[in-house]
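Observations on chain architecture
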Amino acid sequence: MNVLVVNCGSSTVKYQLFHMEEENGDNVIAKGVVERIGISGTNLEYQAGDRNIVREKEIPDHRVALEWIVDILTDPDIGVLEDVSQIDAIGHRVVHGGERFTDSVMLNKEVLDVVRECAELAPLHNPPNILGIEACRDLVPGVPQVAVFDTAYHGTLPEYAYIYPIPYEYYQKYRIRRYGFHGTSHKYVAGRAATMMGKTLGDLKLVTCHMGSGVSFAAIKNGNSIDTSMGFTPLEGLMMGTRCGDIDPAIILYIMEKEGLRTHDMDRILNKKSGVLGVSGISSDTRDIEDAAPSKHRARLTLELIAYRAKKYIGAYHAVLGGLDGVVLTAGIGENSSYIRKSIFDGLEHFGVTIDDEKNTVRRREGFISTDDSRLKVMVIPTNEELMIAPDTYRLVTQRE
Ligand code: AMP
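Residues numbered from 1 in each chain as written. Predicted model: local features only at pLDDT ≥ 70, side-chain atom pairs only at ≥ 80, totals over all residues. Heavy atoms only, no water.

1. Let's talk about the overall build of the chain
Our working rule: Helical segments are the DSSP runs of H or I of at least four residues, strand segments are the runs of E of at least two, and each set is numbered from the N terminus. Only C-alpha atoms enter the radius of gyration, while the globule expectation follows 2.2 Å times N to the 0.38, with N the number of residues. Each residue's exposure class comes from its accessible area (1.4 Å probe, protein chains only) as a fraction of the maximum for that residue type: buried when under 20%, exposed when over 50%, partly exposed otherwise. It only takes one pair of heavy atoms within 4.5 Å for two residues to be counted as in contact. We get accessible surface area from the Shrake-Rupley algorithm with a probe of 1.4 Å; when it comes to residues, only the shown protein chains can shield them. Positive charges come from Lys and Arg, negative ones from Asp and Glu, while His and the chain ends are left out of the count. Charge positions come from single atoms, namely NZ of Lys, CZ of Arg, CG of Asp or CD of Glu.
Summing up its helical and strand segments, the chain has 14 helices and 14 strands in all. Taking 401 residues into account, the globule formula puts the C-alpha radius of gyration at 21 Å, and the chain, at 21 Å, falls close to it. Projected onto its principal axes, the C-alpha positions of the chain cover 55 × 55 × 45 Å. Buried positions account for 53% of the 401 residues belonging to the chain. Pairs at least 24 residues apart make up 61% of the contacts formed inside the chain by residues separated by at least 6 positions. Put simply, the chain shows about 18,500 Å² of open surface, and 49% of that area lies on carbon and sulfur atoms. Taken together, the 44 basic and 56 acidic charged side chains of the chain have centroids lying 5 Å from each other.

2. Structural notes on the side chain of His62
Convention followed: Counted as a polar contact is a pair of N or O atoms within 3.5 Å, where, for protein atoms, one must be capable of donating a hydrogen and the other of accepting one, and residues adjacent in sequence contribute only when both atoms are in side chains.
Along the polypeptide, His62 turns up in helix H1 (residues 62-73). Of note is the side chain of His62, whose polar atom sits 2.8 Å from the backbone oxygen of Gly9. If near-sequence neighbours (up to four positions away) are discounted, His62 is found in contact with Cys8, Gly9, Ser10, Thr12, Val13, Ile37, Pro128 and Leu131.

3. What about the environment of Ser11?
Along the chain, the position of Ser11 falls in the loop between strand S1 (2-8) and strand S2 (13-19). Measuring from C-alpha to C-alpha, the distance between Ser11 and Leu112 comes to 21 Å, with 101 residues separating the pair along the chain. When residues no more than four places from it in sequence are discounted, the contact partners of Ser11 are Val34, Glu35, Arg36, Ile37 and Ile39.

4. Considerations on the packing of aromatic side chains
Basically, it comes down to this: Ring pairs are drawn from Phe, Tyr and Trp, using the six-membered ring of Trp, whenever the two centres fall within 6.5 Å, and their geometry is named by plane angle: stacked under 30 degrees, edge-to-face over 60, tilted for the rest. To sit over a ring, a charge needs its Lys NZ or Arg CZ within 6 Å of the ring centre and within 35 degrees of the ring normal.
Under the definition given, this model contains seven aromatic pairs. Here Tyr162 and Tyr171 contribute two aromatic rings whose centre-to-centre distance is 6.3 Å and whose plane-to-plane angle is 50 degrees, an arrangement assigned as tilted. Per residue, the accessibility class of Tyr162 equals that of Tyr171, and both read buried. Here a set of aromatic residues connected by ring pairs shows up, and it is made of Tyr162, Tyr168 and Tyr171. Positioned above the aromatic ring of Tyr171 is the side chain of Arg175, whose terminal nitrogen or guanidinium carbon lies 4.6 Å from the ring centre. For the cation-ring pair, Arg177 lies above Tyr162, with the distance from its terminal atom to the ring centre recorded as 3.7 Å.

5. Description of the sheet that holds strand S13 (residues 367-368)
Threshold: One requirement defines pairing of two strands: DSSP has to find at least two bridges between them. Fitting a line to C-alpha atoms yields each axis, with helices limited to the stretch in contact; the angle taken between N-to-C directions then spans 0 to 180 degrees.
Read from one edge of the open sheet, six strands run S11-S10-S9-S12-S14-S13, paired in mixed fashion. The sheet is open, and its two borders are formed by strand S11 (224-228) and S13, each paired with just one other strand. As paired elements, strand S9 (residues 205-211) and strand S10 (residues 215-221) share seven bridges and run antiparallel to each other. Note on S10: the bridge partner recorded for Val207 is Ala219. Packing of helix H11 (residues 297-321) onto the sheet brings it into contact with S9, S10, S11 and strand S12 (326-330), and relative to S10 it is tilted by some 20 degrees. Against the sheet, helix H13 (residues 338-345) contacts S9, S12 and strand S14 (377-380), and its axis sits at roughly 155 degrees relative to S12.

6. Things to note about the site of the ligand
For clarity, the cut-off: Any residue with at least one heavy atom within 4 Å of a molecule or strand is counted as near it. Charged means Asp, Glu, Lys or Arg here, nonpolar means Ala, Val, Leu, Ile, Met, Phe, Trp, Tyr, Cys or Pro, and polar covers whatever is left, Gly included.
The immediate surroundings of the ligand are formed by Gly212, Ser213, Asp285, Thr286, Arg287, Glu290, Ala331, Gly332, Ile333, Asn336, Ser337 and Arg363. Contact between the ligand and Arg287: a nitrogen atom at 3.5 Å from a side-chain N or O atom of the residue. Taken together, the elements giving at least two residues each to the shell around the ligand come down to helix H10 (286-292) and helix H12 (331-336). Tallying contributions element by element places H12 first for the shell around the ligand, with four residues. Counted by class, the shell around the ligand contains two nonpolar, six polar and four charged residues.

7. As for the state of the cysteines
Our working definition: A pair of cysteine sulfur atoms is labelled a disulfide when the two atoms are within 2.5 Å.
All chains considered together, the criterion is met by zero disulfides. Its sulfur unpaired, Cys8 is 6.9 Å from the next cysteine sulfur, which belongs to Cys136.

In structure tokens:
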């Protein structure tokens, strides 16, 4: 079975084509990304075997991006499929599944309607996911499509971890609760961590740290997410590229009143102007901040905030897990920044962790960065959300047949 996995972000489409004989097969036959959709200078990448193609082309929207992907997969010279009919199933990453979906589902009109309803809860994320689903339905008609939700993995959070201490009626009326995000990433790296540690996931207490432009941590006990830092929206929790994470909610009211701002303006400040960009005043990219740190106080301060806030979450999750066997670092910062990784664990020696500076040079590949005798294991594991979506798609489509 050929399974195409599609991950539509606000200005990107990542894709991977898997040939699967069984649920856990992971034979990737082609993959790539379309970046800067709707922004000038769209970048298209396609990788199949030893072919690595990079093109620049104007791509105005997700539909045109997916057309390009289907065209290149079936290209007579460089494609890997003879015809579009060789795509047997399509799996989509969908960010918000609300309370309704705690597992992946086959897409149909009813499911798509619920995903549309959930767009209100994830206005930046669900709309591009929906565009991807609709475009695939038109481009590859009749092919079964599956939705794999970012929120689903956190469906195991206990009630006391997902209810907010505000009037309960807002949960009843508007479903305001912690949902959590990056679920496929947390699930994937937790599984890999168990394999690396030579243990069963069911016996482990882990903190998984997804640190990219969006940042979320999860406390994983016996393979289940029992708490996670992002909440009702992806704004809560740790400090991110441009998102503030945890702040005193009264600050929002205070700034709005002082500056005479409307909700839309305040939303922009919290989501687009805060975090690493807001504190540093330089950039949302931690590479720029690390470069500027030797000469700029606010760059150094930004790095201190990132590490301090990460430490606080690891400490809190250590407490709720009742111990800790391993910490996983993943996504752009987690996979690459030796400096930030080291500074997070500086001062956590009493947790039984020592970082090995030599091992901590690892980039974009799996490896332990703690010393061999460190009781608490720290691992770098590149995330692979697409690899989690393919097995669910295979399972649901074969069950249906
Ligand atoms: P992601 O959202 O997972 O693609 O991560 C993107 C972010 O990772 C960038 O905005 C940077 O902040 C960070 N990043 C990527 N590479 C590095 C690096 N070599 N050093 C520090 N931060 C990095």
